[in-house]
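Letter by letter, the chains look like this.
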Amino acid sequence: MFKQARIKLTVWYLAIIMGVSLSFSGVIFVGVNRELTRLEDFQKTRIQGIIRGFPIQVNIPPGPDTDAINEARLRIITTLGFINVSILILAGLGGYFLAGQTLDPIKKMVDDQKEFVSNASHELRTPLTSLMTEIEVTLRDKHLQLPEAKRMLASNLEEVKKMNNLSNYLLKLNKLEHSTATAFKKVDLKKVILTAIAKVTPLAKASKVKLTTKLTATTITGNEDLLTELVTILVDNAVKYSKRGGSVNVSLIKSSLNIVDHGIGISSRDLPHIFDRFYRADYSRSKEHMEGYGLGLAIAKSIVDLHHATISVTSKVDKGTTFTVIF
Ligand code: ADP
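Residues numbered from 1 in each chain as written. Predicted model: local features only at pLDDT ≥ 70, side-chain atom pairs only at ≥ 80, totals over all residues. Heavy atoms only, no water.

Describe the side chain of S21, and please don't skip the residues or the numbers.
Here S21 is to be found in helix α1 (residues 2–53). For S21, a relative accessible area of 9% puts it in the buried group. A polar contact of 2.5 Å, which involves the side chain of S21, links it to the side chain of N84. Not counting the four nearest positions on each side in its chain, S21 is found in contact with N84 and I87. (Helix = DSSP H or I, 4+ residues; strand = E, 2+ residues; numbered from the N terminus. Buried < 20%, exposed > 50% of the residue type's maximum accessible area, 1.4 Å probe, protein only. Polar contact = N/O pair within 3.5 Å; in protein donor to acceptor, adjacent residues only side chain to side chain. Contact = heavy atoms within 4.5 Å.)

This is the structure in structure tokens:
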């Protein structure tokens with residue numbers, strides 16, 4: 001599809017350039033030709049004048065050099081033709097290159113979109129298949145008892161919740177990618193962090209992870225809900241990927257937010273991809289209890305970008321990870 005579009009675009013570039021070039025050549029040729037004709041006429045008139053004025057003139061100058069003038073015309077046509085063919089070749093090559101450059105970002109965007117849709121469908125298919133299988137098996141059971149039916153419904157509800165979470169994530173990501181920084185206000189970052197920590201505390205308690213903070217009062221311009229979401233994602237990950245009994249420290253010094261954990265860490269192979277949509281390191285996929293879709297950090301990155309902030313990460317496998325956001 002893109003090859004065809006590239007060729008079409010090249011043809012359009014060529015048509016425009018050749019249109020301009022041929023028009024100029026036409027104008028140049030008409031101008032030069034008019035001059036040559038005038039010269040020819042002038043010579044003719046002069047010769048006639050000389051003949052009329054001096055009928056017995058002996059040294060009549062030779063007649064207008066029509067051959068030389070025609071030759072000059074031919075040479076101009078050849079030169080203009082050569083220039084136009086050169087422009088055709090150069091513009092063809094240049095146009096093909098430029099068409100590629102123009103279409104490349106669009107191609108990348110379409111490829112990204114395709115990958116996104118395929119990943120999203122894949123993530124939705126797993127809970128859907130499990131839901132379908134459970135319902136089918138239960139319906140085939142002729143002696144189904146109420147407690148069993150309830151158990152199945154509870155399990156179904158879990159799968160439905162997962163799908164609901166995924167669609168919420170997808171909607172949020174889509175909304176963020178089309179948001180602008182218009183509804184920004186002064187935000188107390190310390191308060192935002194405390195709210196996020198309160199949200200993650202139940203998980204931290206359940207996995208016996210100690211949460212510590214060192215926060216200085218800082219105010220920035222931004223969206224409070226989105227900033228709470230950002231800190232929640234980062235602290236939630238820090239707790240989720242900590243070892244049982246580990247610790248997570250959240251510090252805010254001026255406009256630099258650091259979230260340090262001493263958990264499983266991220267390998268250098270995974271590190272460049274963790275902000276990609278749906279990216280999960282292999283251990284996160286294989287371990288059932290580490291729920292997630294690999295969308296949290298993509299959302300975090302979109303929020304950071306929206307606030308014109310920066311996010312960076314350093315990590316060592318089995319030693320821990322530090323996320324730094326600078327506002
Ligand atoms: P997920 O829902 O899988 O947590 P994220 O987008 O939040 O998705 O994170 C992407 C991946 O980055 C995770 O699957 C995990 O492999 C890795 N990751 C993120 N935060 C941490 C962390 N603090 N420690 C170790 N690995 C992490």
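With reference to specific residues and values, describe unusual backbone geometry.
At K208, a residue that is not glycine, the phi angle is positive and equals roughly 55 degrees. Among the secondary structure elements, K208 is positioned in the loop between α4 (189–206) and β2 (210–215). One non-glycine residue, H308, lies in positive phi territory at about 50 degrees.

Pulling in residues and values, what's your account of the sheet that holds strand β7 (residues 320–326)?
Read from one edge of the open sheet, five strands run β2-β4-β5-β7-β6, paired in mixed fashion. The two strands at the open ends of the sheet, each matched to only one other strand, are β2 and β6 (310–316). Between one strand and the next, the sheet's axes are offset by a mean angle of 10 degrees, whatever the strand orientation. Looking at chain direction, strand β4 (residues 247–253) and strand β5 (residues 256–261) are connected through six bridges and run antiparallel. Residue pairing in the sheet places S251 in a bridge with N258 of β5. Lying over the sheet, helix α5 (residues 224–240) contacts β2, β4, β5, β6 and β7, oriented at roughly 20 degrees with respect to β5. (Pairing = 2+ DSSP bridges. Axes fitted to C-alpha atoms, helices over the stretch in contact; angles between N-to-C directions.)

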